[in-house]
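These are the residues of each chain, in order.
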Amino acid sequence: MLDRDGNDLSLIASKIRGRLVQLAHQRGVAHLGSALSCVDILVELYWRQLSIDPVDPHHPDRDVFLLSKGHAATALYITLSMRGFFPEEWLGSVGTPGASLGEQPIPGVVPGVEAATGSLGHGLPLAIGFAVADRISRQSSRAGRRFVVLMSDGECNEGSVWEAAMMAPAQELGLLTVVVDHNKWQATDRTRNVLSLEPLADKFSAFGWATKEVDGHDFEQLHDALSPTRHGSSIPTAIIAHTVKGKGISFMEDDNNWHYRIPDAEEVGRAHRELGLIVG
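Residues numbered from 1 in each chain as written. Predicted model: local features only at pLDDT ≥ 70, side-chain atom pairs only at ≥ 80, totals over all residues. Heavy atoms only, no water.

Peer 1: Report on the overall build of the protein chain, specifying residues and quantitative values.
Peer 2: Within the protein chain one finds ten helices and five strands. For the protein chain, the C-alpha radius of gyration of 18 Å lies close to 19 Å, the compact-globule estimate for 280 residues. Reported as C-alpha extents along the three principal axes, the dimensions of the protein chain are approximately 55 × 45 × 40 Å. Counting across all 280 residues of the protein chain, residues that qualify as buried make up 53%. The long-range share in the protein chain, meaning contacts at least 24 apart out of those at least 6 apart in sequence, stands at 76%. Surface accessibility of the protein chain: about 11,600 Å² in total, with carbon and sulfur atoms responsible for 51%. (Helix = DSSP H or I, 4+ residues; strand = E, 2+ residues; numbered from the N terminus. Rg over C-alpha atoms; globule rule 2.2 N^0.38 Å. Buried < 20%, exposed > 50% of the residue type's maximum accessible area, 1.4 Å probe, protein only. Contact = heavy atoms within 4.5 Å. Areas by Shrake-Rupley, 256 points an atom, 1.4 Å probe, with all protein chains shown as cover.)

Peer 1: Give a description of the packing of helix 3 (residues 39-49) against helix 4 (residues 73-82) that names residues and reports values.
Peer 2: Interaxial distance between helix 3 and helix 4 falls to 11 Å at its minimum, and their mutual angle equals 30 degrees. The orientation of helix 3 relative to helix 4 falls into the category roughly parallel. Crossing geometry of helix 3 relative to helix 4 is assigned as right-handed. Here helix 3 contributes Leu42, Tyr46 and Trp47 to the contact with helix 4, which in turn contributes Ala75, Leu76, Thr79, Leu80 and Met82. Partitioned by chemical class, the residues of the contact of helix 3 with helix 4 number seven nonpolar, one polar and no charged. (Axes fitted to C-alpha atoms, helices over the stretch in contact; angles between N-to-C directions. Parallel < 35°, antiparallel > 145°, perpendicular 65-115°, else oblique. Left-handed = near helix turned anticlockwise from the far one by under 90°. Nonpolar A, V, L, I, M, F, W, Y, C, P; charged D, E, K, R; others polar.)

Peer 1: Explain the sheet that holds strand 1 (residues 64-67) to me, using residue names and the numbers behind them.
Peer 2: Overall, parallel pairing links the five strands, which are arranged 1-2-3-5-4 in an open sheet. Strands at the two margins of the open sheet, each flanked by one partner only, are strand 1 and strand 4 (210-215). Direction aside, neighbouring strands of the sheet carry axes that sit 15 degrees apart on average. Here strand 2 (residues 147-152) runs beside strand 3 (residues 176-182); their pairing, made up of six bridges, is parallel. Each residue of the ladder has a partner; that of Ser152, found in strand 3, is Asp181. (Pairing = 2+ DSSP bridges.)

Peer 1: An account of the nonpolar core is needed here, citing residue identities and associated values.
Peer 2: With 56 residues, the main nonpolar core has Leu20, Val43, Tyr46, Phe65 and Tyr77 as its most contacted residues. Of the residues forming this core, the biggest block, eight residues, is contributed by helix 1 (residues 9-27). Residues Leu176, Val178, Leu197 and Leu200 belong to the second largest nonpolar core, which totals 28 residues. (Core = buried A, V, L, I, M, F, W, Y, C linked by side-chain atoms within 4.5 Å.)

Peer 1: Mind laying out the environment of Glu220, listing which residues take part and the relevant values?
Peer 2: In this structure, Glu220 sits in helix 9 (residues 219-226). The exposure class of Glu220 is partly exposed, given its relative accessible area of 48%. Among all residues touching Glu220, those that are not within four sequence positions of it are Met1 and Arg48.

Peer 1: Talk me through the pattern of salt bridges; I want residue IDs and the actual numbers.
Peer 2: A full pass over the atoms with the stated rule returns nine salt bridges. The residue Glu114 makes a salt bridge to Arg62 at a minimum N-O spacing of 2.8 Å. Highlighted residues: Glu114 in the loop between helix 4 and helix 5 (123-137) and Arg62 in the loop between helix 3 and strand 1, separated in sequence by 52 residues. For Arg62, a relative accessible area of 11% translates into the label buried. Close ionic contact of Glu266 with Arg270 constitutes a salt bridge, the shortest N to O distance being 4.0 Å. With Glu266 and Arg270 both in helix 10 (residues 265-274), this residue pair falls four residues apart, about one helical turn. Owing to a relative accessible area of 34%, Arg270 belongs among the partly exposed residues under this scheme. (Salt bridge = Lys/Arg side-chain N within 4 Å of Asp/Glu carboxyl O.)

Peer 1: How would you explain helix 9 if you had to name every residue and give the values?
Peer 2: Of the residues making up helix 9, those classed as buried are Phe219, Leu222, Ala225 and Leu226. For helix 9, the angular spread of buried residues about the axis comes to 130 degrees, placing them on one side. If you follow the buried residues of helix 9, they end up packed against helix 1, helix 3, strand 3, strand 4 and strand 5 (237-242). Among the residues of helix 9, the N-terminal cap falls to Asp218, whose side-chain oxygen and the backbone nitrogen of Glu220 are separated by 2.9 Å. (Arc of directions from axis to C-beta. Polar contact = N/O pair within 3.5 Å; in protein donor to acceptor, adjacent residues only side chain to side chain.)

And the structure:
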């Protein structure tokens, strides 16, 4: 699958995954499995969906993206770097004490990071605030300015998520989209064993959202679901993206040990070979 400039999205995703594993090893950054599961969603958003200029990332007409699952911040940092928001060399400071690129995002640390989202359950309420404030102030002059939130499924345990889920339809925020990275795990157990999330899509539908379920690693399905085809609609969109924790690396896939475990040098090499980044 290619973007409009002919870039191979699968290759981009593999490079991001390879850099994620490398940084986890070098900097001791946790939450690798959670970061790997949302890579394809980030690639689809930043290479084919979002209207954000790396040269002018604070433009008032930009689309707004919030990584509500802030523990996957390394995936966002690498994505922003590859899209030209800041130099790749900055990634070397991820997780370093006193450095700006922390394991959870802080607003303004690098261009493209809109908010602090280390505490789960805040991204959706923040996005509603962005959208309502934009409408009240008429800050944006571009019709169809979008507000997109990427959440985790475990995050949907938070009551603030469902308060916000009731507010968005009431405010008729048709330009708001939530993507739930539904990898079926949270920190210590399967999501289904912690709280009764399912049927997750039906819950959003019952709250007044236009809801879709997709394979979160299939670029064609992601593209169809995320493309803004409902201009003029007042109904927000919830996309349940079924994903695999640790996606792309066989010995990490669906293994919750990689929520906190750090790969060693041999595992980095194995991962890079699987991703096609090392031949032989």
